[in-house]
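# Architecture and fold: a report
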Amino acid sequence: YELNLTGATATTATPIVNGGVLNVSGAGQFTATAGNVTVQYGGVLSVNDTGTALTRFGGTTRTLTLATGAFDYTANGASPSAETFASIASTWGANRLTLNNAGAANATLTFAGGAFAVGGGSVLNLVSQQTFNATTNRVVSPPTILRRARWWWSPNHRRRCRPSSRRGVRYR
């Protein structure tokens, strides 16, 4: 199942994507600042800013929970794009967080709160067609992710890498 949100809604409901796809694009926005977002059972929340760069989820008090789900964010490329959640929780299953940028303008996905939780039995994959960097393709999170991360394989660098709180990412 697929649902396309192309207009603004002021609901404080807690959107839950169960095994389908929720596309938020065009003028689509959840303008209210409350209401958690959950993506589970193979569901995908897809936010596409390629036409218009908007704040799609109303600010920094909404949380994002992935439970065998995916969040795909495509930035505008021509204009700066940014999306902010209070926190992210990766619960049971394989979860995916994708950030792609259609051009050279800044693209930022921020988890502003103190919680970046990767629970037991959970894997959170950060994916991008471009290289993550400090301007045009970046994910911003609290420092706790650096303390919780383990070694992973980096397809862009063809070697194992590990976050380091002092030097960014260390490679082996």
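Description of the structure in this document. Keep in mind that this is a model prediction, so the values were computed, not measured.

Before going further, it helps to spend a moment on the overall build of the protein. For the protein, the helix and strand inventory stands at one helix and 19 strands. Looking at the protein as a whole, 40% of its 172 residues are labelled buried. Counting every atom, the protein has about 8800 Å² of accessible surface; 53% of that belongs to carbon and sulfur.

Going through the model one piece at a time under the given rule, you end up with two salt bridges. Residue Arg56 pairs with Asp49 through a salt bridge whose shortest N-O separation is 2.8 Å. Linking Asp72 and Arg96 is a salt bridge whose minimum nitrogen-to-oxygen distance equals 2.9 Å. Here Asp72 is found in strand E9 (residues 70–75), whereas its partner Arg96 is found in strand E12 (residues 93–101), with 24 residues between them in sequence.

With glycine set apart, most residues show a phi of negative sign, and most peptide bonds adopt trans. The phi dihedral of Tyr41 is positive, around 55 degrees, even though this residue is not glycine. Examined against the element boundaries, Tyr41 turns out to sit in the loop between strand E6 (37–40) and strand E7 (44–48). The phi dihedral of Thr68 falls on the positive side, at around 60 degrees, and the residue is not glycine. Within the element layout of this structure, Thr68 appears in the loop between strand E8 (63–67) and E9. On the basis of relative accessibility, which here comes to 35%, the residue Thr68 falls in the partly exposed class.

This part takes up the packing of aromatic side chains. Using the criterion set out here, one finds five aromatic pairs in the structure. Centroid distance Phe30 to Phe57: 5.3 Å. Interplanar angle 10 degrees. Geometry classified as stacked. Taken as a pair, Phe30 in strand E5 (residues 29–30) and Phe57 in the loop between E7 and E8 lie far apart in primary sequence, 27 residues in all. Comparing Phe30 with Phe57 shows no difference in burial state: the two are buried. Measuring from centroid to centroid gives 6.5 Å for Phe71 and Tyr73, while their planes differ by 10 degrees, and the two rings are stacked. Each of the two residues, Phe71 as well as Tyr73, counts as buried. Linked through ring pairs, Phe30, Phe57, Phe71, Tyr73, Phe85 and Phe111 together constitute an aromatic cluster.

This paragraph deals with the nonpolar core. One broad trend across soluble globular proteins is that nonpolar side chains are buried collectively. One finds Val24, Leu45, Phe57, Leu64 and Phe71 to be the most contacted residues of the largest nonpolar core, which totals 23 residues. Among the secondary structure elements, those contributing two or more residues to this core are strand E4 (21–24), E6, E7, E8, E9, E12 and strand E13 (107–111). Setting aside anything within four residues of it in sequence, one finds Phe57 in contact with Val24, Phe30, Ala32, Val37, Leu45, Val47, Arg62, Glu83 and Phe85.

Moving on: the side chain of Arg56. With respect to the helices and strands, the residue Arg56 is situated in the loop between E7 and E8. Taking relative accessible area as the criterion, Arg56 reaches 0% and is therefore assigned buried. Of note is the side chain of Arg56, whose polar atom sits 3.2 Å from the backbone oxygen of Asn48. Beyond its immediate chain neighbours, meaning those up to four positions away, Arg56 contacts Val24, Ser25, Gly26, Ala27, Gly28, Gln29, Phe30, Val47, Asn48, Asp49 and Glu83.

Glancing now at the sheet that holds E9. As summarised here, the arrangement of the six strands in space is E1-E4-E7-E9-E12-E15, forming an open sheet in which the pairing is parallel. The open sheet is flanked by strand E1 (2–5) and strand E15 (122–127), the only strands paired with a single partner. Along the sheet, successive strands turn relative to each other by an average axial angle of 10 degrees, direction set aside. By the bridge criterion, four bridges tie E4 to E7 in an arrangement that is parallel. Bridge pairing in E7 places Asn23 opposite Ser46.

Cut-offs applied
- Every chain is numbered on its own, with residues counted from 1 as its sequence reads.
- Side-chain atom pairs in this predicted model are given and counted only at pLDDT of 80 or more, local residue features only at pLDDT of at least 70, and totals for whole chains, interfaces and linings cover all residues.
- As a convention, hydrogens and water are excluded, and side-chain values are obtained from all of the structure's heavy atoms.
- Numbered from the N terminus, helices here are DSSP runs of H or I no shorter than four residues, and strands are runs of E no shorter than two.
- For each residue, the accessible area found with a 1.4 Å probe, counting protein chains only, is set against the maximum for its type, and the residue is called buried under 20%, exposed over 50%, and partly exposed in between.
- Where accessible areas are quoted, they stem from the Shrake-Rupley method and a 1.4 Å probe; at the residue level, only the protein chains shown are allowed to cover.
- Salt bridge, as applied in this entry: a Lys or Arg side-chain nitrogen positioned within 4 Å of an Asp or Glu carboxyl oxygen.
- Centre distance within 6.5 Å is the pairing criterion for rings of Phe, Tyr and Trp, where only the six-membered ring of Trp is used; planes under 30 degrees apart are then read as stacked, over 60 as edge-to-face, and the remainder as tilted.
- Joining through side-chain atoms within 4.5 Å is the link that ties buried Ala, Val, Leu, Ile, Met, Phe, Trp, Tyr and Cys residues into a set, and such a set is a nonpolar core.
- Residues count as neighbours in contact if any of their non-hydrogen atoms are within 4.5 Å of one another.
- In protein, a polar contact means a hydrogen-donor-capable atom and an acceptor-capable atom, both N or O and within 3.5 Å, with residues adjacent in sequence counting only if both atoms are side-chain atoms; elsewhere, any N or O pair within 3.5 Å suffices.
- Pairing between two strands requires that DSSP report at least two bridges joining them.
- Simply put, an axis is a line fit to the C-alpha atoms, just over the touching stretch for a helix, and the angle between two N-to-C directions goes from 0 to 180 degrees.

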